[in-house]
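If you want the building blocks of each chain, they are given just below.
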Amino acid sequence: MRGHQEVPTGGPAPADDAMTSRIGQVVMLLHAGDREEARHRFTALWAELGEQGDPLHRCTVAHYLADTQDDPEDELAWDLRALRAAEAVDAERAGGGGQAGQVRGFYPSLHLNLAASYVRVGEERLARSHLGLARKACGALAEDAYGDGVRAAVGRLELRLTGSGQLP
């Protein structure tokens, strides 16, 4: 599960390179329970990448940096940055292959994270909207443990929001 949220971590990984390895090391630190140090290291990676850095790396760092936040508004801000970076990957690499294909597998989790964040800040309409987008994006997930976990988390949040498991 994603930190204190409804969302499993994992999913598509950026192309193998030095930055990806560094991100992976911090993800392991986060999963080991050291949120404070992970937040510090992810923040340093974000500063190093900058707004012009590789969008897939920015997406990954922002996605996990959201997990390290204590304030729901800060978590939402990082979830939004992750989505914007994913959209930049799609814009730069349109055509379906490579990194654009990788990032499609992130969309269910990105939208699910946004839905959960919007619930926490009291924006139910936006939560429902992103939950619907997460459900639609689930078609990009593989039939594996990660995909099953994301689909299950979508279902749990739907139940929580509607009590029926179906969006109105």
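What counts, and where the lines are drawn
- Residues numbered from 1 in each chain as written.
- Predicted model: local features only at pLDDT ≥ 70, side-chain atom pairs only at ≥ 80, totals over all residues.
- Heavy atoms only, no water.
- Phe/Tyr/Trp six-rings, centres within 6.5 Å; stacked < 30°, edge-to-face > 60°.
- Helix = DSSP H or I, 4+ residues; strand = E, 2+ residues; numbered from the N terminus.
- Buried < 20%, exposed > 50% of the residue type's maximum accessible area, 1.4 Å probe, protein only.
- Lys NZ or Arg CZ within 6 Å of the ring centre and 35° of its normal.
- Expected span 1.5 Å × (residues − 1).
- Contact = heavy atoms within 4.5 Å.
- Polar contact = N/O pair within 3.5 Å; in protein donor to acceptor, adjacent residues only side chain to side chain.
- pLDDT = per-residue confidence, 0-100.
- Core = buried A, V, L, I, M, F, W, Y, C linked by side-chain atoms within 4.5 Å.
- Patch = residues over 30% accessible without salt bridge, like charges linked within 9 Å, V, L, I, M, F, W, Y side chains within 5 Å.
- Areas by Shrake-Rupley, 256 points an atom, 1.4 Å probe, with all protein chains shown as cover.
- Salt bridge = Lys/Arg side-chain N within 4 Å of Asp/Glu carboxyl O.
- Lys, Arg positive; Asp, Glu negative; His and termini not counted.
- Charge placed at Lys NZ, Arg CZ, Asp CG, Glu CD.

Let us now look at the packing of aromatic side chains. Enumeration according to the criterion identifies two aromatic pairs in this entry. Considering the side-chain rings of Phe42 and Tyr64, the 6.3 Å spacing of their centres and the 10° angle between planes classify their relative orientation as stacked. Separated by 22 residues along the polypeptide, Phe42 in helix 2 (residues 35–49) and Tyr64 in helix 3 (residues 55–67) bring together distant segments of the chain. In this structure, Phe42 and Tyr64 share a single accessibility class: buried. For the ring pair Trp46 and Trp78, a centre distance of 5.0 Å and an interplane angle of 90° mean the geometry is edge-to-face. Here Trp46 is found in helix 2, whereas its partner Trp78 is found in helix 4 (residues 72–92), with 32 residues between them in sequence. Considered together, Trp46 and Trp78 belong to a single accessibility category, that of buried residues. Positioned above the aromatic ring of Trp78, the side-chain terminus of Arg81 is 4.1 Å from the ring centre.

Quick reminder: α-helices carry 3.6 residues per turn. Residues three or four places apart thus point the same way. Across its 14 residues, helix 1 (residues 18–31) extends 20 Å between first and last C-alpha, which sits within 8% of the 20 Å expected from 1.5 Å per residue. Among the residues making up helix 1, those that are buried are Met19, Thr20, Ile23, Val26, Val27, Leu29 and Leu30. Taken together, the buried residues of helix 1 touch helix 2 and helix 3. Measuring from the side-chain oxygen of the N-cap residue of helix 1 to the backbone nitrogen of Met19 gives 3.2 Å; that N-cap residue is Asp17. Count one or two residues on from helix 1 and you reach Gly33, which has phi positive near 105°.

Moving on, we get to the confidence of the model for the chain. Considering every residue of the chain, the mean pLDDT works out to 86; 81% of them sit at 70 or more. Mean pLDDT across the elements of the chain bottoms out in helix 5 (residues 98–104) (64) and peaks in helix 2 (97). Segment residues 1–9: pLDDT under 50, and 41 contacts once partners within four positions in sequence are set aside and those in other chains are kept. Segment residues 11–15 is flagged for pLDDT under 50; beyond a separation of four residues in sequence, or across chains, it makes 15 contacts in the model.

Formed by 46 residues in total, the largest nonpolar core has its most connected members in Phe42, Val103, Leu110 and Leu112. Elements with a contribution of two residues or more to this core: helix 1, helix 2, helix 3, helix 4, helix 6 (107–120), helix 7 (124–137) and helix 8 (145–162). Look past the residues within four positions of Leu110 in its chain and what remains in contact with it is Cys59, His63, Ala82, Leu83 and Ala86.

Together, Asp71, Glu73, Asp74 and Glu123 make up a region of like negative charge exposed at the surface. The topology assignment puts Glu123 in the loop between helix 6 and helix 7.

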